[in-house]
Amino acid sequence: MKSNTLVLILSFVFTLGVKQVFAQPEVLNGAQIQFEKESHDYGTIEKDANGDCVFIFKNTGNSPLILENVKGSCSCTVPKWPTEPILPGEKGEIKVHYNTANSGPINKSVTITSNAVNEPVKVVRIKGNVLTPAVKEQAVQQAVN
């Protein structure tokens, strides 16, 4: 009786193991979005410096990808994005402009809403620090001394 139970248990475990080995990964049908990077670090930049950066993405799905909306977390973070569908296998880019007239730390987000089945809402981030003119002048004076 014990050996029959043991054989039954081992058969069950073996069957589960075989199913796992031969199981196909789940395939998502539809557009899919994949970014080359999900954050951009400006580092320390001067006031009124170039605040532009680009987020490149690819449609890794099997249907056209449509970006429905792309929105910065505040009016100082302005994104531009493609309005035409991105075909499967193709790349697109979202250009983000940060207004560096504002001094201080940068920690902003850009929210992308699309028809992607893997991430219909995706958030990318920008960060860094914009020097005030007084801080820049102090840094120059310290470097000279």
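Residues numbered from 1 in each chain as written. Predicted model: local features only at pLDDT ≥ 70, side-chain atom pairs only at ≥ 80, totals over all residues. Heavy atoms only, no water.

### Considerations on the packing of aromatic side chains
Within this structure, the stated rule accounts for two aromatic pairs. Arranged with centres 5.7 Å apart and planes meeting at 50 degrees, the rings of Phe-35 and Phe-57 form a pair that is tilted. Taken as a pair, Phe-35 in strand S1 (residues 33-35) and Phe-57 in strand S3 (residues 52-59) lie far apart in primary sequence, 22 residues in all. We note that Phe-35, like Phe-57, is buried. (Phe/Tyr/Trp six-rings, centres within 6.5 Å; stacked < 30°, edge-to-face > 60°. Helix = DSSP H or I, 4+ residues; strand = E, 2+ residues; numbered from the N terminus. Buried < 20%, exposed > 50% of the residue type's maximum accessible area, 1.4 Å probe, protein only.)

### Here's the deal with the pairing of strand S8 (residues 121-131)
Looking at chain direction, strand S2 (residues 39-46) and S8 are connected through six bridges and run parallel. Looking at S8, one finds that Asp-41 is bridged to Lys-127. (Pairing = 2+ DSSP bridges.)

### With respect to the sheet that holds S2
The strand order S2-S8-S7-S4 describes an open sheet built from four strands, whose pairing is mixed. Edge positions in the open sheet fall to S2 and strand S4 (67-72), since each of these has one partner strand only. On average, each strand axis in the sheet is inclined to that of its neighbour by 15 degrees, with strand direction left out of account. (Axes fitted to C-alpha atoms, helices over the stretch in contact; angles between N-to-C directions.)

### Notes on the nonpolar core
Grouped together as the largest cluster of nonpolar side chains are 23 residues, with contacts concentrated most on Phe-35, Phe-55, Phe-57, Leu-65, Leu-67, Ile-94 and Ile-126. Going through the elements one at a time, S1, S2, S3, S4, strand S6 (91-98), strand S7 (104-114) and S8 are the ones with two or more residues in this core. If we ignore the near neighbours within four places in the chain, the residues touching Leu-65 are Ala-31, Gln-32, Ile-33, Phe-57, Asn-59, Glu-84, Pro-85, Ile-86, Ser-114, Asn-115 and Ala-116. (Core = buried A, V, L, I, M, F, W, Y, C linked by side-chain atoms within 4.5 Å. Contact = heavy atoms within 4.5 Å.)

### Some remarks on the sheet that holds strand S5 (residues 77-80)
The strand order S1-S3-S6-S5 describes an open sheet built from four strands, whose pairing is antiparallel. At either end of the open sheet lies a strand with only one pairing partner, and these are S1 and S5. Across the sheet, the axes of successive neighbouring strands diverge by a mean angle of 30 degrees, strand direction being ignored. As judged from the four bridges shared by S5 and S6, these two strands associate in the antiparallel manner. Looking at S6, one finds that Thr-77 is bridged to Tyr-98.

### Concerning the pattern of salt bridges
Any two side chains of opposite charge can pair, on the condition that their charged atoms come close. One pass over the full model with this rule turns up four salt bridges. In this structure, Glu-36 engages Lys-91 in a salt bridge whose closest nitrogen and oxygen atoms are separated by 3.1 Å. Highlighted residues: Glu-36 in the loop between S1 and S2 and Lys-91 in strand S6, separated in sequence by 55 residues. Where Lys-95 meets Glu-93, a salt bridge forms, and the shortest distance between an N and an O atom there is 3.7 Å. By relative accessible area, which is 45% here, Lys-95 ends up partly exposed. Residues participating in the shared-partner salt-bridge network are Glu-38, Glu-119 and Lys-122. (Salt bridge = Lys/Arg side-chain N within 4 Å of Asp/Glu carboxyl O.)

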